[in-house]
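# Structural description and commentary
This is what each chain is made of:
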Amino acid sequence: MEHTVLLPFAGSGKKEKREIAVATDDDVLAPEAWLETLVRERRDDLAAAAAAVAERLLDARADHVVVGLPLHANGEESEMSREARAFGECLAQASGRTVEYFDEGLTSWEAEEILKARGKRLRDAQRRGDVDREAACALLRSWLQEQEARPAPPAEPDPGPGE
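Residues numbered from 1 in each chain as written. Predicted model: local features only at pLDDT ≥ 70, side-chain atom pairs only at ≥ 80, totals over all residues. Heavy atoms only, no water.

### Some points on the overall build of the chain
Summing up its helical and strand segments, the chain has 6 helices and 5 strands in all. In the chain, the order of α-helices and β-strands from amino to carboxyl end is β-β-α-β-α-β-α-β-α-α-α. Residues classed as buried in the chain amount to 40% of the 163 residues present. A separation of at least 24 residues holds for 62% of the contacts in the chain among residues at least 6 apart in sequence. Here the chain has roughly 9,800 Å² of accessible surface; of this, 51% comes from carbon and sulfur atoms. (Helix = DSSP H or I, 4+ residues; strand = E, 2+ residues; numbered from the N terminus. Buried < 20%, exposed > 50% of the residue type's maximum accessible area, 1.4 Å probe, protein only. Contact = heavy atoms within 4.5 Å. Areas by Shrake-Rupley, 256 points an atom, 1.4 Å probe, with all protein chains shown as cover.)

The following block contains the structure:
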């Protein structure tokens, strides 16, 4: 059975604001129907942002949550990684769902390339939150591809009759 996946993306935002683009596995197929970009006005207000995203989880009937994890090029975590993990912890608490973290490396670059190929002006796309939303979709596509590439877990042995 396919799972609906809701992906909050930490986004690029300004110093005092952070944008959280929210995408589902349906959005990967139809990115023009993105759910939305939520703006977190204060960087320290993770609980309120998590509560807003948790509400979208319920609306979308999502059963799996993936949070983008910004890593340095060498794979080490950064200050933004710690912020993403803190957000994920708040989101897990607010939603009651398990949160998985996934390397968001190069998703903003990929998003910009996709938008440029569509003839979009990057300055306008950034202002409207399109770059963050497309990056959320790029991250979700990468995560879904990794899930498909993973070998299936071994089946439970059949206990047989009478057991």
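Alright, that's what it looks like, and here's the rest.
### Considerations on helix 3 (residues 79-95)
A rise of 1.5 Å per residue sets the reference length of helix 3, with its 17 residues, at 24 Å; its end C-alpha atoms lie 24 Å apart and thus fit the reference within 8%. For helix 3, the set of buried residues is S81, E83, A84, F87, G88, L91 and S95. End-on, the buried residues of helix 3 take up no more than an arc of 155 degrees, which puts them together on one face. The exposed residues of helix 3 that point more than 90 degrees off its buried face are E79, E89 and Q93. Its side-chain oxygen at 3.2 Å from the backbone nitrogen of M80, S78 defines the N-terminal cap of helix 3. Just downstream of helix 3 lies G96, where phi reads positive at about 75 degrees. (Expected span 1.5 Å × (residues − 1). Arc of directions from axis to C-beta. Polar contact = N/O pair within 3.5 Å; in protein donor to acceptor, adjacent residues only side chain to side chain.)

### Thoughts on the pattern of salt bridges
Counted under the stated rule, the structure contains 12 salt bridges. The salt bridge partner of R127 is D124, with a shortest N-O separation of 3.1 Å. Remark: D124 and R127 occur in helix 5 (residues 122-128); sequence separation between them is 3 residues, near one turn of the helix. In this structure, E134 engages R141 in a salt bridge whose closest nitrogen and oxygen atoms are separated by 3.4 Å. Sharing partners across several salt bridges, the network here consists of E110, R118, E134 and R141. (Salt bridge = Lys/Arg side-chain N within 4 Å of Asp/Glu carboxyl O.)

### Let's talk about helix 4 (residues 107-117)
For helix 4, every residue scored as buried is listed here: T107, A111 and L115. What you see down the axis of helix 4 is that its buried residues fit within an arc of 70 degrees, all on one side. Exposed positions of helix 4 whose direction lies more than 90 degrees from the buried face are W109 and A117. G119 sits one or two residues past helix 4 and shows a positive phi near 85 degrees.

### Topic: the packing of aromatic side chains
On inspection of all chains with the given rule, the structure shows 0 aromatic pairs. One residue, R85, lies across the ring of Y101, its end atom 4.7 Å from the ring centre. (Phe/Tyr/Trp six-rings, centres within 6.5 Å; stacked < 30°, edge-to-face > 60°. Lys NZ or Arg CZ within 6 Å of the ring centre and 35° of its normal.)

### Here we look at the environment of E83
Here E83 lies in helix 3. Overall, E83 belongs to the buried group, its relative accessible area being 12%. Separated by 13 residues in sequence, E83 and P70 place their C-alpha atoms 9.4 Å apart.

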